[in-house]
Amino acid sequence: MTTVTFRMEGGRITGFDAVGHSGYGSAGTDIVCAAVTSAVRLVESTVNDVLGLAASVKVREQDAAILFRLPGGLEPTTESTCQSLLTGLMVYLTQLHDEYPENIEVLEED
């Protein structure tokens, strides 16, 4: 199962940890893993490459993990944009959980 834990500080999403393979299909054909990976990459690319921020992204191959953290001290417009992106990711992954409850779990943690 893939577990995505959104890291929270008050009402602010500071990042997320996406860990594990969904187990829906074999490697290379797992549509749930592909959906999660694609969405995570879109958010990371938007934050770092489009907005030009320096969000921390760590990939751990041994446990199939992607760890993403926003930088602190963002100006209000940029902060709002990042929060919208991360909230959208949370909504999307929650909808994916609704379709594939045995393969993906979405959590929030302070």
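Preceding block: the structure.
Residues numbered from 1 in each chain as written. Predicted model: local features only at pLDDT ≥ 70, side-chain atom pairs only at ≥ 80, totals over all residues. Heavy atoms only, no water.

Visitor: Would you take a moment to explain the sheet that holds strand S5 (residues 104-109) for this structure?
Guide: One key point about sheets: their strands pair by backbone hydrogen bonds, in either a parallel or an antiparallel sense. An order of S3-S4-S2-S1-S5 is seen for the five strands of this open sheet, with the pairing classed as mixed. If you trace the sheet from one side to the other, it starts and ends with strand S3 (56-60) and S5, each paired once. Sheet twist, expressed as the mean angle between neighbouring strand axes with direction ignored, is 15 degrees. Sheet analysis places S3 next to strand S4 (residues 65-69), joined by five bridges and oriented antiparallel. If you follow lysine 58 over to S4, its bridge partner there is leucine 67. The strands touched by helix H1 (residues 31-50) are strand S1 (2-9), strand S2 (12-19), S3, S4 and S5; relative to S4, the strand with the most contacts, the crossing angle is about 30 degrees. (Pairing = 2+ DSSP bridges. Helix = DSSP H or I, 4+ residues; strand = E, 2+ residues; numbered from the N terminus. Axes fitted to C-alpha atoms, helices over the stretch in contact; angles between N-to-C directions. Contact = heavy atoms within 4.5 Å.)

Visitor: Explain the nonpolar core to me, please; I cannot follow it from the model alone.
Guide: Most often, soluble globular proteins keep nonpolar side chains buried together rather than apart. By size, the foremost hydrophobic cluster in this structure holds 26 residues, and its most contacted members are Phe6, Phe16, Val47, Leu93 and Leu96. Contributions of two or more residues to this core are made by S1, S2, H1 and helix H2 (76-99). A total of seven residues in this core trace back to one element, the largest contributor, which is H1. Leave out the neighbours within four places in its chain, and phenylalanine 6 touches Ile13, Gly15, Phe16, Leu86, Leu89, Met90, Leu93, Val106, Leu107, Glu108 and Glu109. (Core = buried A, V, L, I, M, F, W, Y, C linked by side-chain atoms within 4.5 Å. Buried < 20%, exposed > 50% of the residue type's maximum accessible area, 1.4 Å probe, protein only.)

Visitor: Would you explain the environment of glycine 23 in this entry?
Guide: Structurally, the position occupied by glycine 23 is in the loop between S2 and H1. Among the residues examined, glycine 23 registers a relative accessible area of 57% and is labelled exposed. The sequence separation of glycine 23 and aspartate 110 amounts to 87 residues, and the corresponding C-alpha distance is 27 Å. The contacts of glycine 23, once residues within four sequence positions are left out, are Asp30 and Asn103.

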